[in-house]
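Residue-level structural notes
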Amino acid sequence: MARDLTSHHQQLVDDGYTIVENAIEPGLIDALLSDVRRLESELDRRPADNRFEGNRTTRTYNLLAHGAIWQQVPVHPVVLELVEGVLGPQALVSSLASISLAPGETGQVLHADDQIQPLAKPHVATVCNSMWALTDFTAGNGATRVVPGSHLWDSPDYFNGEPDVDTVVAEMPKGSVLVWHGSTWHGGGANTTTDEVRVGVAMNYCAGFIRQQENQQLGIPSEVMATFSPQLRQLCGLGMYRGLTGNIEKRSPAEILYGDPPQVQVWDAEPIDPHR
Ligand SMILES: O=C(O)CCC(=O)C(=O)O
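1. Here we look at the side chain of Q265
Structurally, Q265 can be placed in the loop between helix 7 (253-258) and helix 8 (266-269). Setting aside residues up to four positions removed in sequence, Q265 forms contacts with M240, G243, L244 and K250.

Take a look at the structure:
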């Protein structure tokens, strides 16, 4: 039976975030964690050294290109239901990355994930992101901090120092997911432990009318895209949004390239009155 997410939908409306405890099947969480470690080693991922990504944090981007197991993440029904509640239908994968926050990492600057968009706030949701806990997230190991209600504020100046706002530490057990509206201020916490690496997966979505953060159409090799389900190809931006945006001569790229079921083009969807 599908999980009742009513209270989580409401918390996203009111507070701009929600935590769904134990949302993901434990076997999948363990398999993802082991794949994050495989990729960090095989791709020789090292921490970046900038204020945003941190200097004790290892990130692996574009995960859909790096192993079949990642195909299970964007389509997870619990997360996708909440995300589509915020963004509406036909949302897109914006980016998929792992974030391993090691001891000694300092708190990330608070920010909103839609702040790069030149839109007056508050505005209709354009971004909705999630953080999957592959390990426990605690105040000590750098659990994400969120600012409740900040999705309703007007244009703040995020990068001008640490704002004086109250944050909630999104502590959650391994297997849980934090979902937030793209305008909600948040940031990774500081990892003050001596031996715990906090590992999360940032599964980020945008509305179907917004440009994706990571270019899924070019970043995922076509032979890998060919192994995806039609639903995942749609999420990667190979469909048409509302029967129009992203079309090629009135057909979707997914239909042309992979033979996916045709989508009705919006102009053809309107019934024609033969007497007009
Ligand atoms: O690591 C986290 O908890 C949050 C990361 C984040 O918000 C980001 O990099 O945009």
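2. A short note on helix 6 (residues 230-238)
Within helix 6, the full set of buried residues consists of L232, R233, L235, C236 and L238. The secondary structure elements touched by the buried residues of helix 6 are helix 3 (77-87), strand 3 (92-101), strand 9 (198-206), helix 4 (216-219), helix 5 (222-225) and helix 7.

3. Considering the sheet that holds strand 5 (residues 145-146)
Here three strands make up an open sheet; going across it, the order is 6-5-8 and the pairing antiparallel. Looking along the sheet, the strands with just one partner apiece sit at the ends: strand 6 (168-169) and strand 8 (186-187). Summarising the sheet, strand 5 and strand 8 pair through two bridges and their orientation is antiparallel. If you follow V146 over to strand 8, its bridge partner there is H186.

4. Things to note about the site of the ligand
In the neighbourhood of the ligand, the contacting residues comprise F52, R59, I99, Q108, H111, D113, M131, T144, H186, G188 and R198. Within the side chain of Q108, a nitrogen or oxygen atom sits 3.1 Å from an oxygen atom of the ligand. Computed on the free molecule, the ligand has an accessible area of 290 Å², of which 92% lies beneath the protein chains in the complex. Per-class residue counts for the shell around the ligand are three nonpolar, five polar and three charged.

5. Quick word on the pairing of strand 2 (residues 57-60)
What you see with strand 2 is no split at all: T57 and R59 on one side and T58 and T60 on the other are buried throughout. Bridge analysis of strand 2 against strand 3 gives four bridges, and the strand direction is antiparallel. Along strand 3, the bridge assignment pairs T57 with L101.

6. Regarding a nonpolar patch on the surface
Side chains of I248, I256 and L257 sit close together on the surface and give an oily, nonpolar patch of about 270 Å² of accessible area. Tracing the backbone shows I248 in the loop between helix 6 and helix 7.

7. So, the packing of helix 1 (residues 6-15) against helix 3
Taken N-terminus to C-terminus, the directions of helix 1 and helix 3 make an angle of 40 degrees; their axes are 10 Å apart at the nearest point. With respect to each other, helix 1 and helix 3 are oriented oblique. Crossing angle aside, the handedness with which helix 1 passes helix 3 is right-handed. Seen from helix 1, the contacting residues are H8, H9 and L12; seen from helix 3, they are E81, L82, G85 and V86. Along the lines of polarity and charge, the residues of the contact of helix 1 with helix 3 split into three nonpolar, three polar and one charged.

What counts and how
- Residues numbered from 1 in each chain as written.
- Predicted model: local features only at pLDDT ≥ 70, side-chain atom pairs only at ≥ 80, totals over all residues.
- Heavy atoms only, no water.
- Helix = DSSP H or I, 4+ residues; strand = E, 2+ residues; numbered from the N terminus.
- Contact = heavy atoms within 4.5 Å.
- Buried < 20%, exposed > 50% of the residue type's maximum accessible area, 1.4 Å probe, protein only.
- Pairing = 2+ DSSP bridges.
- Near = heavy atom within 4 Å.
- Polar contact = N/O pair within 3.5 Å; in protein donor to acceptor, adjacent residues only side chain to side chain.
- Areas by Shrake-Rupley, 256 points an atom, 1.4 Å probe, with all protein chains shown as cover.
- Nonpolar A, V, L, I, M, F, W, Y, C, P; charged D, E, K, R; others polar.
- Patch = residues over 30% accessible without salt bridge, like charges linked within 9 Å, V, L, I, M, F, W, Y side chains within 5 Å.
- Salt bridge = Lys/Arg side-chain N within 4 Å of Asp/Glu carboxyl O.
- Axes fitted to C-alpha atoms, helices over the stretch in contact; angles between N-to-C directions.
- Parallel < 35°, antiparallel > 145°, perpendicular 65-115°, else oblique.
- Left-handed = near helix turned anticlockwise from the far one by under 90°.

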